[in-house]
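Chain by chain, the residues:
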Amino acid sequence: MTLEEYISSHSTAENEVLEAITRDTHVHILNPHMLSGHVQGRVLSMLSHMIKPKRILELGTFTGYSALCLAEGLAEGGRLITIEHNDELEETILRNIAQSPLSDRIELIIGDAIEELDRFAQIQKTAVLKDKSLFDLVFIDADKREYCAYLEAIYPLVPVGGFILADNTLWDGHIIDPAYDKDKQTLGLRAFNDKLKEDDRFEQVILPLRDGLTLIRKIK
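Residues numbered from 1 in each chain as written. Predicted model: local features only at pLDDT ≥ 70, side-chain atom pairs only at ≥ 80, totals over all residues. Heavy atoms only, no water.

Enquirer: How should the overall build of the protein be read in this particular structure?
Expert: Counting its secondary structure elements, the protein contains 8 helices and 7 strands. A compact globule built from 220 residues should have a C-alpha radius of gyration of about 17 Å, and the protein, at 17 Å, falls within 12% of that. Its C-alpha atoms put the protein at 50 × 45 × 35 Å along the principal axes. The buried share among the 220 residues of the protein stands at 47%. Partitioning the contacts of the protein with sequence separation of at least 6, the portion at a separation of at least 24 is 67%. Positive and negative side-chain charges of the protein, numbering 24 and 37 respectively, have mean locations separated by a distance of 7 Å. (Helix = DSSP H or I, 4+ residues; strand = E, 2+ residues; numbered from the N terminus. Rg over C-alpha atoms; globule rule 2.2 N^0.38 Å. Buried < 20%, exposed > 50% of the residue type's maximum accessible area, 1.4 Å probe, protein only. Contact = heavy atoms within 4.5 Å. Lys, Arg positive; Asp, Glu negative; His and termini not counted. Charge placed at Lys NZ, Arg CZ, Asp CG, Glu CD.)

Below, the structure written as structure tokens:
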């Protein structure tokens, strides 16, 4: 037994819906490694339960697994909005979400994350929402080249004390591998990590979980 297998076997099991999504994704979808998976899914659920967010925003959901995990910790009456750029996955995502008792709390938007973040910024500027933040928790798992842009666009949408989670921030070790010095996704993630290190608006810690998960708290 590997250490990874040991961790998985001693973590709370996936529910039946998540197990089905895992199987279906590995059988029918290209690049199934993009799925959050069992252990990371339980971490996302645990963090969401700890934060008890009223509103969650997810950038990039792939086949919906991570959205369902995050939705488990929503406060009473809470809602999760997930944005996915790949319209070919829309039918799969909707089918997967529909299997869950949490489906009525999740909204899928097919579109560009930056464009949707700009739209949310305009909504927040309305008189009704003035001085209120749209989201308590944001999960970033979209285009790695745009992580810095996502962070700036997200900043006004979360309150001081709000949380941002960023996936893939170790990028399978490429983040420190000179062989990837010209890879645009690796460069985007390096820039993101360096930006956070120097930005006093946030506190952050990188967890060596799966492909790297950064926990970020807005402090200014």
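Now, onward.
Enquirer: Would you take a moment to explain empty space enclosed by the protein for this structure?
Expert: Which parts of space are left empty comes out when a probe the size of a water molecule is rolled across the atoms. Within this structure, the stated rule accounts for 1 cavity of 30 Å³ or more. Reported here for the largest cavity is a volume of approximately 30 Å³. Taken together, Met34, Leu35, Ser36, Thr61, Phe62, Tyr65, Ser66 and Asp141 make up the full set of residues lining the largest cavity. Its residues assigned to classes, the lining of the largest cavity shows 4 nonpolar, 3 polar and 1 charged. (1 Å grid on protein atoms, 1.4 Å probe; cavity = no way out; pocket = protein on both sides within 12 Å on 5 of 7 lines; lining within 4 Å. Points joined across faces, edges and corners; volume = space filled by probe spheres on them. Nonpolar A, V, L, I, M, F, W, Y, C, P; charged D, E, K, R; others polar.)

Enquirer: I'm lost on unusual backbone geometry in this one. Help?
Expert: Outside of glycine, negative phi angles account for most residues, and trans bonds account for most peptide bonds. Its identity as a non-glycine residue notwithstanding, aspartate 172 has a phi of 55 degrees, on the positive side. On the secondary structure map, aspartate 172 appears in the loop between β5 (163–167) and α8 (184–198). Positive phi values are uncommon outside glycine, yet arginine 210 reaches one of about 55 degrees. Inspection of the secondary structure puts arginine 210 in the loop between β6 (202–207) and β7 (213–218).

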